[in-house]
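# Commentary on secondary and tertiary structure
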Amino acid sequence: MLIRRLLSSSGVHAVDKKSRIVILGCGWGGFRLARVLDKKKFDVTVISPRNHFVFTPLLPSTAVGTIEFRCVQEPIRTVKGIDYYQAASKTIDFGKKEILCHSVYDNSAEFTVKYDKLVIAVGTKSNTFGVPGVETDEENITHNPSGTNKHNLFFLKQIEHARSIRNRIIECFERASSPFCSEEERKRLLTFLIVGGGPTSIEFASELYDFLRNDVAKWYPDLASRHQTIVVEAGDHLLGSFSDTLSRYVEKKFVSRNIVTLTGESVQEVKEHSVILKSGNILPYGVCVWSTGNKELDFVNALDLKLDRGRIVVDSCLRVDGKDSVYAIGDCARIQDLPLAMLAQVANQQGKFLGACLNKDKNLPFRYIDMGSMAQLGTYDAVADLNYGKLSGLSAFIAWRTAYWTYSVSISNKLLIPMYWFKSYWFGRDISKF
């Protein structure tokens, strides 16, 4: 009190210490929250092993060069007024309100970060369902860029995964064009296997189809008719979360494009150059993209928190059950009375909502607004399962591109994305391997 009076009498005003909010992760939820929070009211610190946000709906397009990687990322440091540590969280001491972290460049370099309020938005990792031969490497600092334990088996959740897929596709065509390549090896190299029948898998298969039809046919004419694309889906239909009408539309479209669709089939084991299916059939492959859903991180499993199906249980206000000033949003969180799917739009809405509540110092129940689902099927084609109707073909394609161009974060990316769309359509995709 005496210090405050002295400062006041000398013309210097005492400044109240701002509350420190720490955000773990910079995905859809964490990145949106960091942007929304009032920096005049809070000291905001973001901790994430990746220093950028990934605009995931356009990620499959980067894997074949329709657009470039820079178009789908936003550096976390572009959010004004925050502190950022490129590190991974190891443990959380909820009693001391401390997070133990380690640098992504040196696993032995550990440090602690204190918080007044904590938001866990670490997301998930790819689900392998315990299939022998495929392992996730996503939480390791020195991880394989493919995300898996193999050089030709890929997840598709991060930019490094898309870059690895793109390089491997080009490598397969260059290897297949060699005069020393046997016919059997050539057939294997040019077999592109996609495991999973959700939106990411369908969009990648469609982008790959455009690349093979338009660019491979031009630059590798001798191999233009020798490649094969196969989609393996355990369910009865592709895009199982969409309406039956749109699901059938996609399946018919794939048949017309000679994309082999194996529904009701699952992978039992992954070998170095092939997969063994439940039916006993063996599928050799040059590239395998694994996109079969999400699973909780080991970091989340190790926390002293109540979990439901591997996700942190939160109340309707997104507060973690039994922990003071701790919140969880996005794929790693599950509202007890309102379980929601692991979707980008859910995490984005939660980040925006929680930021507004914290700014106003209020606890309000979260209300999710379903914006519908869309999937691109290549140039001039898509499906859209929206609240006001179901679209397919050109109208859905326009809706898809308009929506995701609008939602892209920065002005620079709003300029770059249509520029690369124009470039890939008129001048083709880049086939360089680097």
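Note that the structure is predicted; figures quoted are calculated from it, not measured.

### Some points on the overall build of the protein chain
- Across its full length, the protein chain carries eleven helices and 25 strands.
- For the protein chain, the C-alpha radius of gyration of 24 Å lies close to 22 Å, the compact-globule estimate for 434 residues.
- Projected onto its principal axes, the C-alpha positions of the protein chain cover 85 × 45 × 40 Å.
- In the protein chain, which comprises 434 residues, the proportion classed as buried is 51%.
- Restricting the contact set of the protein chain to residue pairs at least 6 apart, pairs at least 24 apart contribute 61%.

### So, the sheet that holds strand S12 (residues 228–233)
- In space, the five strands of this open sheet follow the order S10-S17-S11-S12-S13, with parallel pairing throughout. Every other strand in the sheet has two partners, leaving strand S10 (153–154) and strand S13 (260–263) as the edge strands with one partner each.
- As defined by bridge partners, strand S11 (residues 191–195) adjoins strand S17 (residues 287–290) across four bridges and the pair is classed as parallel. Within S17, the position partnered with isoleucine 194 by the bridge is valine 289.

### Observations regarding the packing of helix H4 (residues 159–176) against helix H6 (residues 199–219)
- Between H4 and H6, the least distance of the axes is 13 Å, while the angle of their chain directions is 40°. Taken together, the axes of H4 and H6 are oblique relative to one another. Read as a crossing pair, H4 and H6 show a hand that is right-handed. Facing H4, whose interface residues are Ile165, Ile169, Ile170 and Phe173, H6 presents Phe204, Leu208, Phe211, Leu212 and Val216.
- For the contact of H4 with H6, the class distribution of residues is nine nonpolar, no polar and no charged.

### As for the pairing of strand S5 (residues 82–93)
- Sheet analysis places strand S2 (residues 42–48) next to S5, joined by five bridges and oriented parallel. Looking at S5, one finds that isoleucine 47 is bridged to tyrosine 85.
- Of the pairings in the sheet, the one linking S5 to strand S6 (residues 98–103) comprises six bridges and is antiparallel in character. Note that in S6 the partner of alanine 87 across the bridge is serine 103.
- In sequence, S5 turns back onto S6 through a hairpin of four residues, with lysine 97 there showing a positive phi of about 55°.

### Regarding the environment of phenylalanine 94
- The residue phenylalanine 94 is located in the loop between S5 and S6 in this model.
- C-alpha separation for the pair phenylalanine 94 and leucine 303, spaced 209 residues apart in sequence, amounts to 9.7 Å.
- Those residues in contact with phenylalanine 94, other than ones at most four positions away along the chain, are Tyr115, Leu118, Asp304, Leu305, Lys323 and Val326.

### Remarks on the layout of surface pockets
- Taken as a whole, the second largest pocket spans an internal volume of roughly 330 Å³.
- Lining the second largest pocket are 22 residues, with Thr379, Trp421, Ser424, Tyr425 and Trp426 sitting closest to its centre.
- For the lining of the second largest pocket, the secondary-structure elements that each account for two or more residues are H6, helix H10 (394–407) and helix H11 (411–427).
- Broken down by element, the lining of the second largest pocket gets its largest block of residues, seven residues, from H6.
- The residue inventory of the lining of the second largest pocket, partitioned by class, reads eight nonpolar, seven polar and seven charged.

### Topic: the side chain of glutamate 233
- For glutamate 233, the position within the fold is in strand S12.
- The charged side chain of glutamate 233 is buried without a salt bridge, its nearest counter-charge being lysine 278 at 11 Å.
- When sequence neighbours within four positions are dropped, the list of residues in contact with glutamate 233 reads Gly196, Gly197, Leu238, Leu262, Thr263, Gly264 and Glu265.

### Quick notes on the nonpolar core
- Membership of the largest hydrophobic core comes to 113 residues, with the highest contact counts inside it found for Ile92, Leu118, Ile120, Ile169 and Phe204.
- With eight residues, the top contributor of residues to this core is H4.
- The contact partners of isoleucine 92, leaving out residues within four places of it in the chain, are Leu24, Glu98, Ile99, Tyr115, Leu118, Ile120, Phe299 and Leu303.
- By size, the runner-up hydrophobic cluster in this structure holds 16 residues, among which are Leu193, Val232, Tyr285 and Trp290.

### Concerning the sheet that holds strand S1 (residues 19–24)
- The seven strands lie next to each other as S7-S6-S5-S2-S1-S8-S21, forming an open sheet whose pairing is mixed. Looking at strand neighbours, the two that pair on one side only are strand S7 (110–114) and strand S21 (326–328), the edges of this open sheet. Here the strands of the sheet are splayed against their neighbours by 35° on average, with no regard to which way each runs.
- Those strands touched by helix H2 (residues 28–36) are S1, S2, S5 and strand S8 (117–120), and its axis lies near 155° from that of S1.

### Comments concerning the confidence of the model for the protein chain
- Per-chain confidence: the protein chain averages 93 in pLDDT, with 96% of residues scoring 70 or above.
- Across residues 1–15 the pLDDT falls below 50, and counting only partners more than four positions away or on other chains, this stretch makes five contacts in the model.

### Focus: the packing of H10 against H11
- Between H10 and H11, whose axes approach to 9 Å, the crossing angle comes to 150°. The interaxial crossing formed by H10 with H11 has right-handed handedness. Residue-level contacts link Trp400, Arg401, Trp405 and Thr406 of H10 to Lys414, Ile417, Pro418 and Trp421 of H11.
- Here the residues of the contact of H10 with H11 sort into five nonpolar, one polar and two charged.

### Some thoughts on the packing of aromatic side chains
- On inspection of all chains with the given rule, the structure shows 14 aromatic pairs.
- Judged by centre distance (5.4 Å) and plane angle (70°), the rings of phenylalanine 353 and phenylalanine 366 are edge-to-face. Here phenylalanine 353 is found in helix H9 (residues 344–360), whereas its partner phenylalanine 366 is found in the loop between H9 and strand S23 (373–376), with 13 residues between them in sequence. Accessibility assignment for this pair places phenylalanine 353 and phenylalanine 366 in one class, buried.
- Relative to tryptophan 426, the ring of phenylalanine 422 lies with its centre 6.3 Å away and its plane at 45°, an arrangement referred to as tilted.

Rules of the game
- Residues numbered from 1 in each chain as written.
- Predicted model: local features only at pLDDT ≥ 70, side-chain atom pairs only at ≥ 80, totals over all residues.
- Heavy atoms only, no water.
- Helix = DSSP H or I, 4+ residues; strand = E, 2+ residues; numbered from the N terminus.
- Rg over C-alpha atoms; globule rule 2.2 N^0.38 Å.
- Buried < 20%, exposed > 50% of the residue type's maximum accessible area, 1.4 Å probe, protein only.
- Contact = heavy atoms within 4.5 Å.
- Pairing = 2+ DSSP bridges.
- Axes fitted to C-alpha atoms, helices over the stretch in contact; angles between N-to-C directions.
- Parallel < 35°, antiparallel > 145°, perpendicular 65-115°, else oblique.
- Left-handed = near helix turned anticlockwise from the far one by under 90°.
- Nonpolar A, V, L, I, M, F, W, Y, C, P; charged D, E, K, R; others polar.
- 1 Å grid on protein atoms, 1.4 Å probe; cavity = no way out; pocket = protein on both sides within 12 Å on 5 of 7 lines; lining within 4 Å.
- Points joined across faces, edges and corners; volume = space filled by probe spheres on them.
- Lys, Arg positive; Asp, Glu negative; His and termini not counted.
- Salt bridge = Lys/Arg side-chain N within 4 Å of Asp/Glu carboxyl O.
- Core = buried A, V, L, I, M, F, W, Y, C linked by side-chain atoms within 4.5 Å.
- pLDDT = per-residue confidence, 0-100.
- Phe/Tyr/Trp six-rings, centres within 6.5 Å; stacked < 30°, edge-to-face > 60°.

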